[in-house]
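What follows is the residue order along each chain.
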Amino acid sequence: MKDERIKLVHGGGGEAMHGLLSVLLKKISKRKVPGGIGLDELDDAATIPFGDEQIVFTTDSFVVKPVFFPGGDIGKLAMCGTINDLSVMGAKPIAISSAFVIGEGFSMENLKKIVASMDKVSRETDTPIITGDTKVVEGDIGIIVNTAGLGTTRKAIPDSGLKPGDRIIVNGPVGDHGIAVMAHREGIRFETCLKSDCAPLWPLIKKILKYEISAMKDPTRGGLASALNEMARKAKVEVVIDEESIPVRKEVLAASEMLGIDPLTVANEGKVLIGVSERDAEKVLRTIKKSRYGRGARIIGEVKKKGGGRVILRTSVGGERILEAPAGDPVPRVC
């Protein structure tokens, strides 16, 4: 039998990655603790019941290239990514672990800058880095960073909880991170400096947990399109999105048109999709807009009905089309 090979698209957060995971998960017998969320749910984090609380646990590896980019670096990205995975589950981040795999010859000064970036996010979110590991290998691999995080919550918010009538909110312009990293990597210049949206979202999310939040997800690899489709599929609902309501910067639109990619499939690292009841939607929107990471927030759509598990995009010209999940992120190695 032919031995298949792993391709970049398998790590792109889209349908190809889900196909790979479906194969790998069959090899794992125990995929969750009793009463918790685990690998079967493929959520942003797992949960472990512990008395009246739930411990929320997540892990992620970061291979962004280049390691320094407008708006951040691999250290900031790793901290924000893990903190955000905890936050969208409704969990307060309480601790982070960090592991480095460093190629021999990597700059010591750059390593110090990366660690300093991690410390800055740690202080901003009051989330200590409490353990870690470092390995050095031969070859010019640069640096790979793994972070794992622990959080706590009384009740986890899964990404599968959308209900008919819910409104969908995004906290600002989409596509910034993937396009900023790609443009920096390829030497593409804009009239203004486009920066990654990389940011820790716990300070924003903790202020809306008192409202009726049905589901949350951070649209990283595969972008808005992948995240919305995953939420709709898991909840078995039809989500209708208004294209004109989706905030996208003109630089992102221009670069996407030039490269022939859809900005809705490009990775974000400081965005959250929120499903909230119609009753609380405007309150949540007003609250988010007061945050430094939510000033561009908008209601972009709503959950229409049970069944289907699909996303419909109402286009700017008045038509409708199915917004499909991408096979993978069109811009590789951005996280």
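A quick note: this is a predicted structure, and the numbers were derived from the prediction, not measured.

Draft legend 1. Looking closely at the sheet that holds strand E12 (residues 298-306). The strand order across the open sheet formed by seven strands is E9-E11-E8-E12-E10-E13-E14, and the pairing between neighbours is mixed. This sheet does not close on itself; its edge strands, each paired only once, are strand E9 (213-217) and strand E14 (320-322). Strand-to-strand twist across the sheet, computed as the mean angle between neighbouring axes with direction ignored, equals 25°. In the sheet, strand E10 (residues 237-242) pairs with strand E13 (residues 310-314) via five bridges, with the strands oriented parallel.

Draft legend 2. Representation of the pattern of salt bridges in the model. For the structure shown, the criterion picks out 26 salt bridges. Measuring nitrogen to oxygen at the nearest pair gives 2.7 Å for the salt bridge that ties aspartate 133 to lysine 135. According to the relative accessible area criterion, lysine 135 is partly exposed, its value standing at 44%. The partner of lysine 217 in a salt bridge is glutamate 230, with the nearest N and O atoms 3.6 Å apart. One end of the pair, lysine 217, is in strand E9; the other, glutamate 230, is in helix H6 (residues 223-235), and 13 residues separate them in sequence. Glutamate 230 gets classed as buried once you look at its relative accessible area, which sits at 7%. Through salt bridges with shared partners, one network takes in Asp44, Asp159, Lys217, Glu230 and Lys234.

Draft legend 3. Molecular detail of the sheet that holds strand E2 (residues 53-62). Pairing within the open sheet is mixed, and its five strands lie in the order E1-E2-E7-E5-E6. Across the chains shown, the open sheet's two edge strands, defined by having one partner strand only, are strand E1 (46-50) and strand E6 (129-137). Ignoring strand direction, the axes of neighbouring strands in this sheet form an average angle of 15°. As judged from the eight bridges shared by strand E5 (residues 92-103) and E6, these two strands associate in the parallel manner. Within the sheet, the bridge partner assigned to alanine 99 lies in E6 and is aspartate 133.

Draft legend 4. Inspection of the state of the cysteines at higher detail. Tallying each qualifying case throughout the model produces zero disulfides. Looking at the unpaired cysteine 80, the closest cysteine sulfur is the one in cysteine 198, lying at 3.9 Å. Just so you know, cysteine 193 is unpaired, no disulfide at all, and the nearest cysteine sulfur is the one on cysteine 198, 15 Å from it. Take cysteine 193: its relative accessible area is 59%, and that puts it in the exposed class.

Draft legend 5. Main features of the packing of helix H2 (residues 74-87) against helix H3 (residues 108-125). The N-to-C vectors of H2 and H3 enclose an angle of 35°; their axes lie 6 Å apart at closest approach. Judged by the twist between their axes, the crossing of H2 over H3 is right-handed. Contact residues: H2 offers Ile74, Gly75, Lys76, Met79, Cys80 and Ile83, while H3 offers Ile114, Ser117, Met118, Val121, Ser122 and Thr125. Its residues assigned to classes, the contact of H2 with H3 shows seven nonpolar, four polar and one charged.

Draft legend 6. Spatial organisation of a nonpolar patch on the surface. Nonpolar side chains collect at one region of the surface, where Val33, Ile48, Phe57, Ile94 and Leu150 lie side by side and expose about 360 Å² of accessible area between them. A relative accessible area of 36% means that isoleucine 94 is categorised as partly exposed.

How each quantity is defined
Residues numbered from 1 in each chain as written. Predicted model: local features only at pLDDT ≥ 70, side-chain atom pairs only at ≥ 80, totals over all residues. Heavy atoms only, no water. Pairing = 2+ DSSP bridges. Helix = DSSP H or I, 4+ residues; strand = E, 2+ residues; numbered from the N terminus. Axes fitted to C-alpha atoms, helices over the stretch in contact; angles between N-to-C directions. Salt bridge = Lys/Arg side-chain N within 4 Å of Asp/Glu carboxyl O. Buried < 20%, exposed > 50% of the residue type's maximum accessible area, 1.4 Å probe, protein only. Disulfide = S-S within 2.5 Å. Left-handed = near helix turned anticlockwise from the far one by under 90°. Contact = heavy atoms within 4.5 Å. Nonpolar A, V, L, I, M, F, W, Y, C, P; charged D, E, K, R; others polar. Patch = residues over 30% accessible without salt bridge, like charges linked within 9 Å, V, L, I, M, F, W, Y side chains within 5 Å. Areas by Shrake-Rupley, 256 points an atom, 1.4 Å probe, with all protein chains shown as cover.

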